[in-house]
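The residues making up each chain are set out below.
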Amino acid sequence: MAVSSDELVLQLGPLYEELNRAEKSGGNVAPIVVELNQCVTLIKLGGEENLRKASNLIALIRNKISLIQEAGISQTTYLYQKTGITLLILTVLGFIILIYGSRIYWTLWYRTKRNWVVES
Amino acid sequence: MIDDEIKIISIAVILAMGAITAYPLLSTIVIIEPHSEIGVLGPKGIISDYPTNVKTGEPINLFIYIGNNEGRAQYYRIIIKLVPDGSNNTGVANAETIDTVDLFLMGGENKEISINFSISQPKNNLQLTFELYTYNPEIHSFAYRNRAKLWLSVT
């Protein structure tokens, strides 16, 4: 069934809303933006063939966006976990240095210099 | 004391490493003043050589510059209108639409779009108005944002 250009343009708004959600979840939407602009060009050109291509592209974009959103959520979760664990390790390391720093330093100093002979 | 100096240096190194670790996360939540830009460029794509007097039916070639500083991908609509001189409009003009351009831009991206059109009726002191709209997901519709203007006479 032939789709009119007006009907296709009306589908772009809800598609952008989905893209917006995918971007907020941390997904890379740059390739989708390129494809949406291709859709706009095809709709503007008009003609049955171009409108059919635009309709197919919209369906393809809709599928891709949900995958990008899922990937974005897992990437963001991984980033939060990685940052949290690293900051926790650095904090613990900081406390160890504050509490045992002097002892560690002088122990190392003694071990490296215990064979030294003092001559007068 | 020498061990105090070592302690300070070690803590400074740890703080620097912490800042480097947290930067990718902090950079995603930095809030900027969201805004979009629209500008009209002449036939050569620069801010000059704007047409001021054209003949009826004569092709007019211009470029529209759109800049996205919204901090996210944006769906734009530019509505080009012919507004008669003397119309006291400050926002959306109630006038004849000669073209509509839809465009998607990534956050931080900008683009120049070539537009070609002609005017069939002779009129003096027309305001060629380029209204910029952004799609607002909260209202599921386009919202007016800004505009650019060009004055011309058609003989």
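K.L.:
How should the sheet that holds strand β3 (residues 60-69) of chain B be read in this particular structure?
P.N.:
Each strand in a sheet pairs with its neighbour through backbone hydrogen bonds, running either in the same direction (parallel) or in the opposite one (antiparallel). Residue and element names in this part refer to chain B. What the three strands build is an open sheet, ordered β1-β3-β6; its pairing is antiparallel. Every other strand in the sheet has two partners, leaving β1 (35-41) and β6 (110-117) as the edge strands with one partner each. Going from strand to strand, the sheet's axes swing by 20° on average, the running direction of each strand aside. Direction of pairing for β1 relative to β3: antiparallel, over a ladder of seven bridges. When the bridges of β3 are listed, Ile38 appears paired with Ile66.

K.L.:
Mind showing me how you'd approach helix α1 (residues 2-28) of chain B here?
P.N.:
Along an α-helix, residues three or four apart share an orientation, since each turn contains 3.6 residues. Here α1 of chain B spans 40 Å end to end across 27 residues, near enough to the 39 Å set by a 1.5 Å rise per residue. Considering bend angle alone, the principal kink of α1 of chain B is centred on Ala22 of chain B and spans about 45°; proline Pro24 of chain B follows within four residues of it. Those residues of α1 of chain B that are buried are in contact with α3 (48-113) of chain A.

K.L.:
Would you mind going over the pairing of β3 of chain B with me for this structure?
P.N.:
Consecutive side chains along a regular strand alternate between the two faces of the sheet. Residues and elements named next belong to chain B. Counting buried positions over the 10 residues of β3 gives seven, a clear majority of the element. Looking at chain direction, β3 and β6 are connected through eight bridges and run antiparallel. Bridge pairing in β6 places Ile64 opposite Ile113.

K.L.:
Could you clarify how one ought to interpret the sheet that holds strand β7 (residues 123-136) of chain B in this entry?
P.N.:
The strand order across the open sheet formed by five strands is β2-β8-β7-β4-β5 (chain B), and the pairing between neighbours is mixed. On the outer flanks of this sheet lie β2 (53-54) and β5 (96-105) of chain B, each paired with one strand and no other. Here strand β4 (residues 74-83) of chain B runs beside β5 of chain B; their pairing, made up of nine bridges, is antiparallel. Following the sheet pairing, Tyr76 of chain B is matched in β5 of chain B by Leu103 of chain B. The sheet contacts of helix α1 (residues 5-24) of chain A involve β4, β5 and β7 of chain B, and relative to β4 of chain B the element is tilted by about 140°.

K.L.:
I tried to follow the side chain of Glu70 of chain B on my own but got confused; where do I start?
P.N.:
Residues and elements named next belong to chain B. Here Glu70 shows up in the loop between β3 and β4. Among the polar contacts made by the side chain of Glu70, one reaches the side chain of Arg145 at a distance of 2.7 Å. Residues in contact with Glu70, not counting those within four places in the same chain, are Ile32, Pro34, His35, Ser36, Tyr76 and Arg145.

What counts and what doesn't
- Residues numbered from 1 in each chain as written.
- Chains lettered and ligands numbered in written order.
- Predicted model: local features only at pLDDT ≥ 70, side-chain atom pairs only at ≥ 80, totals over all residues.
- Heavy atoms only, no water.
- Pairing = 2+ DSSP bridges.
- Helix = DSSP H or I, 4+ residues; strand = E, 2+ residues; numbered from the N terminus.
- Axes fitted to C-alpha atoms, helices over the stretch in contact; angles between N-to-C directions.
- Expected span 1.5 Å × (residues − 1).
- Bend = angle between axes of the 7 residues up to and from the residue.
- Contact = heavy atoms within 4.5 Å.
- Buried < 20%, exposed > 50% of the residue type's maximum accessible area, 1.4 Å probe, protein only.
- Polar contact = N/O pair within 3.5 Å; in protein donor to acceptor, adjacent residues only side chain to side chain.

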